[in-house]
Amino acid sequence: MTTPLVRPSLPVTNAAPPLAANCKFGGGCGEPSRLSPEVLAKVANHPCYSEEAHHHFARMHVAVAPACNIQCHYCNRKYDCAAESRPGVVSERLTPGQALRKVLAVAAEVPELSVVGIAGPGDPLANPGPTFETMELVRRAAPDLRLCLSTNGLALPEHVERLSALGVDHVTVTVNMVDPEVGERIHPWVIWKGRKVRGKEGARILSERQLEGLAELAGRGILCKVNSVLIPGVNDGHLAEVGRAVRGLGAFVHNVMPLISAPEHGTHYGLTGRRGPTEAELAAVQRACEGGANVMRHCRQCRADAVGLLGQDRNAEFTLARLSAAAVPDAAGARAAHRRGVEKKRQLVDAAHREALARVETLEHLTARVAVATKGEGLVNQHFGHARELLVYDVDRRGVRLVGHRKVDQYCSGGEGGDDELEGMLAALSDCRAVLVAKVGRCPRERLASAGIEPVVEHAFEPIEPAVLAWFARDAGREREATAAHALCAGP
Ligand code: CLF
Ligand code: SF4
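Residues numbered from 1 in each chain as written. Chains lettered and ligands numbered in written order. Predicted model: local features only at pLDDT ≥ 70, side-chain atom pairs only at ≥ 80, totals over all residues. Heavy atoms only, no water.

Participant: Looking at this structure, I do not really get the overall build of the chain. What am I missing?
Facilitator: Looking only at helices and strands, one finds 13 helices and 18 strands in the chain. Looking at the 492 residues of the chain, the share that counts as buried comes to 53%. Surface accessibility of the chain: about 20400 Å² in total, with carbon and sulfur atoms responsible for 52%. (Helix = DSSP H or I, 4+ residues; strand = E, 2+ residues; numbered from the N terminus. Buried < 20%, exposed > 50% of the residue type's maximum accessible area, 1.4 Å probe, protein only. Areas by Shrake-Rupley, 256 points an atom, 1.4 Å probe, with all protein chains shown as cover.)

See below:
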């Protein structure tokens, strides 16, 4: 796979933004956006470039690009397993015509769809024929869908002009290093001018082409994301330098993703025991990369054939066997209605968010970490027992910031709760003070409370950020009351 990822010196403006244009990338800061209206328009409905948008908009990948022109030690494209969920893995490869049928079938069922991406299972630009044919077909049939591409960057410079002409305004480049000495430990070879170039020389060529490609994208106003795979012991101490370099070339967002590595994947790293980072290691490197480009924390490391909201994968509903032989008519009207509905909700949430922030502005020196169960729309709307992932946020007087997501096994199935699943959820929540949910059963409620995690249902179906801020204000009030009561009991 080519990890889908950021880009150029984005114009920054101090002009007053419209109401719904608050900082959508970081989410929860309540600050007016510093982005220009042109950039805001590009990120507003893209689930990967805007953290807020990922609650409302879906992406789909079409797997039309089987070949690759480099080797990464974390990739094995021969291994093709539907039970897998990691980039580069697909269930079926498509021709451009099949890809168009699939896009239209998904678009008819999923009005949240806003982006069609090509992210593998090889490198899209090592397969320029099917990649460009697919994008041209989709552009003609459904012009409101944004086109997105993720590449290792080796063939990027010679394709920038064509991407620009096609109106592709989001390109991800996977940049794991800017130092060939680090690079040769990640990429053992590249195919360059028809020959295999190994070691440091191959990594040098790759790095030069990646940086050249980023600069050219920036020059054409194409929004770029950079993905970096965090490989402990190889590039963990180097990614902050990568972040500075790509920001210098205009990258909009830097997505530091954990290495996924296990012997059964058959990759070099998997077979040689190279482990992925712990959550704490990933968080430390993401912090070190702040100050470069925006740091993405909501990536779900999608398969190259993923369909749906991030965190969902509805690909199994749209396999070739399930598609009708004829292309279905495009459902642009339903998508436009969805976008209008989201804009209205954003205006209401912005107002609620500002009010909630005003209620916590005096709470200096307080901070808390909380989890939220959501199934989309930016709401606290998931039953605790049905959650398969939890979003984790830090909150203080400045606002609510996403820390990341945690996968959990669904606790409740067929009305029965599983002990092992509940233990797993408690472990996933061990650093959280509260979990905001739509509903929670009596047994898990008691277990959460005895583990010191408050189950909160008072904000069911409310928008996430105002709900977290309201809980934070209430919690601070309770602490104040407890402190006052303690002082009274202690007496003079
Ligand atoms: Fe796909 Fe990538 Fe485009 Fe998004 S994914 S090509 S930018 S539409 Fe998104 Fe998936 Fe993370 Fe990629 S969550 S792996 S960052
Ligand atoms: Fe695999 Fe090629 Fe993507 Fe590397 S660039 S992860 S080798 S498909």
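There is more to say after this.
Participant: Help me understand the packing of helix H11 (residues 419-428) against helix H12 (residues 442-450) in this model?
Facilitator: Axis angle and axis distance: for two packed helices, these are the angle between their axes and the distance between the axes, and together they describe the pair. Two elements in contact, H11 and H12, have axes whose closest approach is 11 Å; the angle formed by their N-to-C orientations is 35°. Regarding H11 and H12, the two cross each other, and that crossing is right-handed. Across the interface between the two elements, Leu-422, Glu-423 and Leu-426 of H11 pack against Pro-444, Arg-447 and Leu-448 of H12. Considered class by class, the residues forming the contact of H11 with H12 number 4 nonpolar, no polar and 2 charged. (Axes fitted to C-alpha atoms, helices over the stretch in contact; angles between N-to-C directions. Left-handed = near helix turned anticlockwise from the far one by under 90°. Contact = heavy atoms within 4.5 Å. Nonpolar A, V, L, I, M, F, W, Y, C, P; charged D, E, K, R; others polar.)

Participant: Can you walk me through the packing of aromatic side chains in this structure?
Facilitator: Both the distance between ring centres and the angle between the ring planes are used here to describe each pair of aromatic rings. For the coordinates displayed, the defined rule picks out 2 aromatic pairs. Centre to centre, the rings of Tyr-49 and Phe-252 are 6.3 Å apart; their planes meet at 15°, and the pair counts as stacked. One end of the pair, Tyr-49, is in the loop between helix H1 (37-43) and strand E1 (58-61); the other, Phe-252, is in the loop between helix H7 (239-248) and strand E9 (253-258), and 203 residues separate them in sequence. Classification of Tyr-49 as buried rests on a relative accessible area of 1%. Classification of Phe-252 by relative accessible area gives buried; the value is 2%. Measuring from centroid to centroid gives 6.3 Å for Phe-384 and Tyr-411, while their planes differ by 55°, and the two rings are tilted. Here the residue Phe-384 occupies a position in the loop between strand E12 (368-372) and strand E13 (389-396), and Tyr-411 occupies one in the loop between strand E14 (399-407) and strand E15 (412-413), the gap between them amounting to 27 residues. According to the relative accessible area criterion, Phe-384 is buried, its value standing at 1%. (Phe/Tyr/Trp six-rings, centres within 6.5 Å; stacked < 30°, edge-to-face > 60°.)

Participant: Looking at this model, I keep getting lost on the environment of Leu-259. Mind explaining?
Facilitator: Within the element layout of this structure, Leu-259 appears in the loop between E9 and helix H8 (268-271). Residue classification places Leu-259 among the buried residues on the basis of a relative accessible area of 5%. When sequence neighbours within four positions are dropped, the list of residues in contact with Leu-259 reads Tyr-74, Val-229, Leu-230, Ile-231, Tyr-269, Arg-274, Arg-275, Gly-276 and Pro-277.

Participant: Is there a simple way to explain the pairing of strand E5 (residues 170-174) in this structure?
Facilitator: Across the 5 residues that make up E5, a large majority, 5, are buried. Here E5 shows two buried faces, one formed by His-170, Thr-172 and Thr-174 and the other by Val-171 and Val-173. When strand E4 (residues 146-151) meets E5, the two strands line up parallel, connected through 4 bridges. Residue Ser-150 lies in a different strand from E5, and its bridge partner there is Thr-172. One crossover worth recording links E4 to the parallel E5 by way of helix H4 (residues 160-166), and it is right-handed. (Pairing = 2+ DSSP bridges. Right-handed = clockwise from strand over helix to strand, strands pointing away.)

Participant: Looking at this structure, I do not really get the pattern of salt bridges. What am I missing?
Facilitator: Taken as a whole and judged by the stated rule, the model has 30 salt bridges. Note that Glu-208 is salt-bridged to Arg-204, the shortest N-O span being 2.7 Å. On the criterion of helical spacing, the pair formed by Glu-208 and Arg-204 is a turn pair, its members being 4 residues apart in helix H6 (residues 199-219). On the basis of relative accessible area, Arg-204 is assigned to the partly exposed category, the value being 31%. The residue Lys-407 makes a salt bridge to Glu-389 at a minimum N-O spacing of 3.3 Å. Taken together, the residues span a long stretch of sequence, with Lys-407 in strand E14 and Glu-389 in strand E13 at a distance of 18 residues. A relative accessible area of 13% places Glu-389 in the buried class. (Salt bridge = Lys/Arg side-chain N within 4 Å of Asp/Glu carboxyl O.)

Participant: What am I meant to see in the pairing of strand E3 (residues 113-118) here?
Facilitator: Consecutive side chains along a regular strand alternate between the two faces of the sheet. Burial within E3 is extensive, with 6 of its 6 residues counted as buried. Across 4 bridges, the pairing between E1 and E3 is parallel. Each residue of the ladder has a partner; that of Arg-59, found in E3, is Val-115. As defined by bridge partners, E3 adjoins E4 across 4 bridges and the pair is classed as parallel.

Participant: What am I meant to see in the side chain of Thr-374 here?
Facilitator: Looking at where Thr-374 falls in the secondary structure, it is placed in the loop between E12 and E13. Once you skip the residues sitting within four places of it in the chain, Thr-374 turns out to touch Leu-379, Asn-381, Gln-382, Leu-391 and Ile-464.

Participant: Explain the nonpolar core to me, please; I cannot follow it from the model alone.
Facilitator: One broad rule of soluble globular proteins: the nonpolar side chains tend to lie buried together. Core analysis: the biggest nonpolar cluster contains 54 residues, and Met-60, Val-62, Met-135, Leu-163, Val-171, Val-175 and Leu-217 have the highest contact counts within it. Here the element with the most residues in this core is helix H2 (residues 96-109); it accounts for 7 residues. Residues within four places of Leu-163 in sequence aside, it is in contact with Phe-132, Met-135, Leu-149, Leu-156, Val-168 and Val-171. By size, the runner-up hydrophobic cluster in this structure holds 23 residues, among which are Val-360, Ala-368, Val-400 and Val-456. (Core = buried A, V, L, I, M, F, W, Y, C linked by side-chain atoms within 4.5 Å.)

Participant: In this structure, what is going on with the sheet that holds E12? I would like to understand it.
Facilitator: Hydrogen bonds between backbone groups are what pair the strands of a sheet, and the pairing can be parallel or antiparallel. Spatially, 5 strands are ordered E14-E13-E12-E17-E18 in an open sheet, and the strand pairing comes out mixed. Either end of the sheet is taken by a strand with one partner, and the two such strands are E14 and strand E18 (454-456). Strand after strand, the sheet turns through a mean of 25° between neighbouring axes, direction not considered. Bridging between E12 and strand E17 (residues 434-436) involves 3 bridges; their strand directions are parallel. Each residue of the ladder has a partner; that of Val-372, found in E17, is Leu-436.

Participant: Explain H7 here, please?
Facilitator: Residues that lie three or four places apart on an α-helix share one face, since the helix turns once every 3.6 residues. Of all the positions in H7, only Leu-239, Ala-240, Val-242, Gly-243 and Val-246 are classed as buried. Along H7, the residues classed as buried sweep out an arc of 155° about the axis, all on the same side. Facing away from the buried side of H7, by more than 90 degrees, are the exposed residues Arg-244 and Gly-248. On its buried side, H7 packs onto H6, strand E8 (223-230), E9 and helix H9 (279-289). The positive-phi residue at the C-terminal boundary of H7 is Gly-250, with phi of around 100°. (Arc of directions from axis to C-beta.)

Participant: Whenever I open this one, the confidence of the model for the chain confuses me. Can you help?
Facilitator: Low pLDDT marks regions whose predicted coordinates should not be analysed in detail. Taken residue by residue, the chain gives an average pLDDT of 87. The fraction at 70 or more is 88%. Per-element confidence in the chain ranges from a low mean pLDDT of 80 for strand E16 (residues 416-417) to a high of 98 for helix H5 (residues 180-183). This stretch, residues 2-32, has a pLDDT under 50; its non-local contacts, to residues over four places away or in other chains, come to 140 contacts. In the predicted structure, residues 79-85 sits below a pLDDT of 50 and forms 16 contacts with residues beyond four places in sequence or in another chain. (pLDDT = per-residue confidence, 0-100.)

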